[in-house]
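Notes for the structure review
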Amino acid sequence: MEEEWKSKLEELASRRQRIQEMGGAAAVEAQHKEGKLTARERVEYFFDEGTFTEIGAFVKNRTTDFGMDKKEIAAEGVVTGYGRVNGRLVMTAAEDYTSMAGTFGEYHAKKFSKAIDMAKDMRIPFISMNDSGGARLQEGIDTLQGYAWLFQSQILASGIIPQMSLLLGPCLGGQAYHPVMQDFVIQCRKTGFMGIAGPAFVKTQTGEDIDLASLCGWKAHAVKSGQTHIVAEDDKDALGKAKELLSFLPQNNTERPPRIATGDDAERRDPELYKLVPPGQSVAFDMHKVIERLVDNGYFFELLKDFAKNMIIGFARMAGRPIGVVANQPNWAGGVIDCDAADKAARFIRFCDLFNIPLVNLHDVPGYMIGSREDWKGILRHGSKMLFAFIDATVPKVSVILRKSYAGAYLGMCDKDTGADFVFAWPIARVTIVGAESAASVIFAREIRTAENPDEARAARIQEYRDRFENPYKAAERGYVDDVIDPADTRRIINRALDVLENKTVTRPWRKYSNITL
Amino acid sequence: MAIENVEAPMVGKILRVEVAAGNQIAEGDPICVIESMKMENFIFAPVSGTIKELKVAPHQVVQAYDVVAVIEY
């Protein structure tokens, strides 16, 4: 080889080598000591072997203030590029805490937002691996502006490609808007932190004394704020869960999610369901068990499982098709829909609609939560998000009323005229506007008051109302319920409905979007 | 030892209390039953431990997020 070629290639190799070493051996060791992988190890683990291609490894900031011109920051503290996950292309930006703490500056931001732009233009999912010490304050307004680039890129990509964030380290301050504005957030139990401000800033500004884990840890978001969809045990678990989640999703909003052979008979009958759901309306049961019997191989990928537990959402497959499940949970707060439960369901329904994932809705709901606390919190505003989401959605929607579906919640959980293509009911279902007690005491108030024996009159009228309306047949007579079904046939009936809905098309007049009650 | 405050998920009336102070309790065991919205709602222990304090009795009305029991674990 010519001498000049040799030296040029050696220079390239040595420059690349320095970048590959990230923040150096000591910083890498410190990262490992915390139980974390480095950005490059994460990328290596995440993508199919040897498929990752890096973009912009040599990008460098242009700051000269505060000695920044003398500092080497490998890859500007964020590794960006693309590779294959189970054969499908995915773009990533992985922050490197070992290089100047993965701080977010102008060119870090440029790399990050350009990766999202490219994912959007190439119509492939985007995954961010967040692990950053926060804003690079040395770069002042350029750092602040960088947040705007990031937010703009991700919001303009929202609804076009699936986006998810893995909180593998800290993500605090303005940057923390980035994960929550993606479609899904996966947070590491011990090392992932997210918050609008860390404990020190909170202390100086408000006087509140709180530690990082309480303020920004997994409980803060998976249980309290409802922003973390999945809690992972460590980096590898988080990366594995992200891959699992991707398997349910299409590459972009013009594709269908991948249908696979699951080996579970689409027509399988399941008499076990009789045992799982008590016919007594006031007795609770665990809806998870029902979902597991209905879907392929009992495999249910639940999201937000520790937040608003009265509502269950998640992905599963039926006859190999990815579906979104929206179900009430009678085991928690009676399955009543409150503000948080409605928010949780509504955003999930809209995600499924954006990415062509059919919805299967399981009703067992006493109503929307009433009383001053929820009314003042805006249950009407929050509750109606479900109406907007279901009615606006054009994907196939199949509802099954297991036991009861009352009042506004019957509409909010998707009935025949709030978006469902099919509504099926079990023979024990009660579908009506209010319980018989309330109805009879209003309709027959005067009669009961003036009766010789008011208690007897009330009981008779309650029974009359119950016989007339607290069953699925009244709704079926009008066609609001398409069929009253044997519970054991539920899986077969949902699968047949999804078959016929496969090529469902909806045309509506143009509008920018509906004015959802945000 | 850590403390877990078990909160009521919703407003309602305490129908039954299934444990007493000092009892050992396993995660998932029922603590009490709240009647609300026509439903009997079980409140389950979120962790295994000892009931340090029981803050409710039958017929009492509780608000959402009221502490019904304190578990030491």
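Rules and cut-offs
Residues numbered from 1 in each chain as written. Chains lettered and ligands numbered in written order. Predicted model: local features only at pLDDT ≥ 70, side-chain atom pairs only at ≥ 80, totals over all residues. Pairing = 2+ DSSP bridges. Helix = DSSP H or I, 4+ residues; strand = E, 2+ residues; numbered from the N terminus. Domains from an automatic or database assignment. Contact = placed C-beta atoms within 7 Å. Nonpolar A, V, L, I, M, F, W, Y, C, P; charged D, E, K, R; others polar. Buried ≥ 20, exposed ≤ 12 C-beta atoms within 10 Å, placed from the backbone.

Taken together, the four strands give an open sheet; going across it, the order is β1-β8-β6-β3 (chain B), and neighbouring strands pair in antiparallel fashion. On the outer flanks of this sheet lie β1 (3–7) and β3 (24–25) of chain B, each paired with one strand and no other.

All right, on to the domain arrangement of chain A then. Residue and element names in this part refer to chain A. Looking at the assigned domains, one finds that chain A contains domain 1 (3–246), domain 2 (273–433 + 471–500) and domain 3 (436–469). Each of domain 1 and domain 2 has a C-alpha centre, and the two are 37 Å apart. Between domain 1 and domain 2, the contact holds ten residues from the first and twelve residues from the second. Broken down by secondary-structure element, the contributors of at least two residues to the side of domain 1 that touches domain 2 are α9 (218–225) and α10 (235–246). Tallied by class, the residues present in the side of domain 1 that touches domain 2 amount to five nonpolar, three polar and two charged.

Okay, the sheet that holds strand β5 (residues 39–44) of chain B next. All names here are of chain B. Reading across from one edge, β5-β4-β2-β7 is the order of the four strands in this open sheet, with antiparallel pairing throughout. The sheet terminates laterally at β5 and β7 (61–62), the two strands that pair on one side only. Inspection of the sheet shows strand β4 (residues 30–36) paired to β5 by six bridges, in the antiparallel sense. Note on β5: the bridge partner recorded for S36 is M39.

On to the pairing of strand β5 (residues 163–167) of chain A. In regular strands, side chains alternate between the two faces of the sheet. Residue and element names in this part refer to chain A. Across the five residues that make up β5, a large majority, five, are buried. Across five bridges, the pairing between strand β4 (residues 126–130) and β5 is parallel. From the neighbouring strand, F126 faces β5, where its bridge partner is Q163.

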